[in-house]
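Examination of the molecular architecture
In case you want the letters, here they are:
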Amino acid sequence: MNHNGIEFDTYFKNYPDADGYFGKYGGAYISEDLKRAMAEITEAYFTICKSSKFISELRRIRKDFQGRPTPVSHLERLSNKLGNVQLYVKREDLNHTGAHKLNHCMGEALLAKYMGKKKVIAETGAGQHGVALATAAAYFGLECDIYMGSVDIKKQAPNVARMKILGANVVEVTHGLATLKEAVDAAFDAYTKEYKDAIYCIGSVLGPHPFPMMVRDFQSVVGIEAREQFIGMTGELPDAVVACVGGGSNAMGMFSGFLNDPVDIYGVEPLGRGTALGDHAASLTYGSEGIMHGFNSIMLKDENGEPAPVYSVASGLDYPSSGPEHAFLHDCGRVKYDVVDDEETIDAFFTLSRLEGIIPAIESSHAVAYGMKLAQKMKRGSILICLSGRGDKDMDYIIEKYGIR
Ligand SMILES: *Cc1c(COP(=O)(O)O)cnc(C)c1O
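All of the points below concern the structure found in this document. (Residues numbered from 1 in each chain as written. Predicted model: local features only at pLDDT ≥ 70, side-chain atom pairs only at ≥ 80, totals over all residues. Heavy atoms only, no water.)

What follows is about helix 3 (residues 52-64). Taking 1.5 Å per residue as the helical rise, helix 3 with its 13 residues ought to reach 18 Å, and the 18 Å between its terminal C-alpha atoms agrees with that figure. Among all positions of helix 3, only F54, E57, L58, I61 and R62 are buried. Buried positions in helix 3, seen along its axis, are confined to an arc of 135° and lie on one side of it. Projecting away from the buried face of helix 3 at angles above 90 degrees are the exposed residues S52, K53, R59, K63 and D64. Elements that come into contact with the buried residues of helix 3 comprise helix 2 (32-48), helix 5 (101-114), helix 6 (128-140) and helix 10 (211-234). (Helix = DSSP H or I, 4+ residues; strand = E, 2+ residues; numbered from the N terminus. Expected span 1.5 Å × (residues − 1). Buried < 20%, exposed > 50% of the residue type's maximum accessible area, 1.4 Å probe, protein only. Arc of directions from axis to C-beta. Contact = heavy atoms within 4.5 Å.)

In structure tokens:
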């Protein structure tokens, strides 16, 4: 399929190119030391991902440890309530640890093992990536250092406890604002010193090449499974596919299964409290081209051109940019990016819980909210939504802030 001059039949062969570019986005804007480390990871990945031993081990892990394939569920009561459009969800909430993140963490940790590394390093904000990586490290017997700002350590006590129970070393970062940005810098610094024995594991389709490609490839299991399951259930393709976009890993995993199909694809960004800078994290919708954290993409900038402060009710979506492949798919128009606000999201959270018996993560509730709006617009057809995770982690926050609706 050709879309605005991009050939999607051969898309995965051509994107990214050898330097990690999706069109003008991506690349590796990092120090020479880190470039050497990334080149080593790239080379290892290209060798290992073709090895039948690696592929069959990853397959076995997905089945026996993660519980894959996760099902696709038909949302019958919600569909009936909204009209004639049939809604379906891909149940990444049922993946081990309750979200899609383990799909790439198990891949990254298995790669670390094959490369003979002893340790995995990462930063975490809300703690979800830290928990997924700590899980993978425990499984493979790797050391695990998770950098986290002291402000986030206080806010995310249950996830800090999970990481520690899983045997990870949570490294407190106290300088500056002591949140995610400082944790990223500290983790990169540590990695620059330790890269001979350690591997840096990025939590989404972000960062320098090869991570946007590698994380997409590890997440593509979501889209491959969902496409086959959906066709098995209905005999046809969905008319639309929807996923929420923070960094963009669950969305890239889902979308990669459908890029070459006659299917409308929607990425949903958090509009938060509104359109003013600082009130949302809709980077693709309101941002512009820029380089941060080692890659070129579309980002939200402050008046000095630095990453702007962002806000979302979902802590997994509050990042001032998205992966370079999303920026590329945005510009060429293959994926449409749109927004839903906090209010619509919380409404979808309660609606899905009440009508279907599925409590979604607040991140995933953005995709559900958009799917519900789209269903009312479309009048007929079917929509497949990526339910990236379960809402257990959000219970205390929802009860405190919104009560029971
Ligand atoms: C982290 C997270 C997200 C956002 O990350 P992406 O890389 O954009 O997928 C979405 N949903 C859940 C449940 C998460 O934990």
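This part covers the sheet that holds strand 12 (residues 264-272). An order of 5-6-16-11-12-15 is seen for the six strands of this open sheet, with the pairing classed as mixed. The strands lining the two open edges of the sheet, one partner per strand, are strand 5 (72-75) and strand 15 (335-341). Ignoring which end each strand starts from, the neighbouring axes of this sheet average 30° apart. Of the strand pairs in this sheet, strand 11 (residues 240-244) and strand 12 are connected by five bridges, and their pairing is parallel. When the bridges of strand 12 are listed, C244 appears paired with V268. Sheet strands touched by helix 14 (residues 342-356): strand 5, strand 12, strand 15 and strand 16 (382-387). Its angle to strand 15, the strand with the most contacts, is close to 90°. (Pairing = 2+ DSSP bridges. Axes fitted to C-alpha atoms, helices over the stretch in contact; angles between N-to-C directions.)

Contact geometry for helix 2 and helix 9 (residues 180-194): axes closest at 10 Å, N-to-C directions at 75°. Considering the angle they form, helix 2 stands roughly perpendicular to helix 9. For the pair helix 2 and helix 9, the contacting residues are D33, L34, A37, M38 and I41 in the first and F188, Y191 and T192 in the second. For the contact of helix 2 with helix 9, a count of residues per class yields six nonpolar, one polar and one charged. (Parallel < 35°, antiparallel > 145°, perpendicular 65-115°, else oblique. Nonpolar A, V, L, I, M, F, W, Y, C, P; charged D, E, K, R; others polar.)

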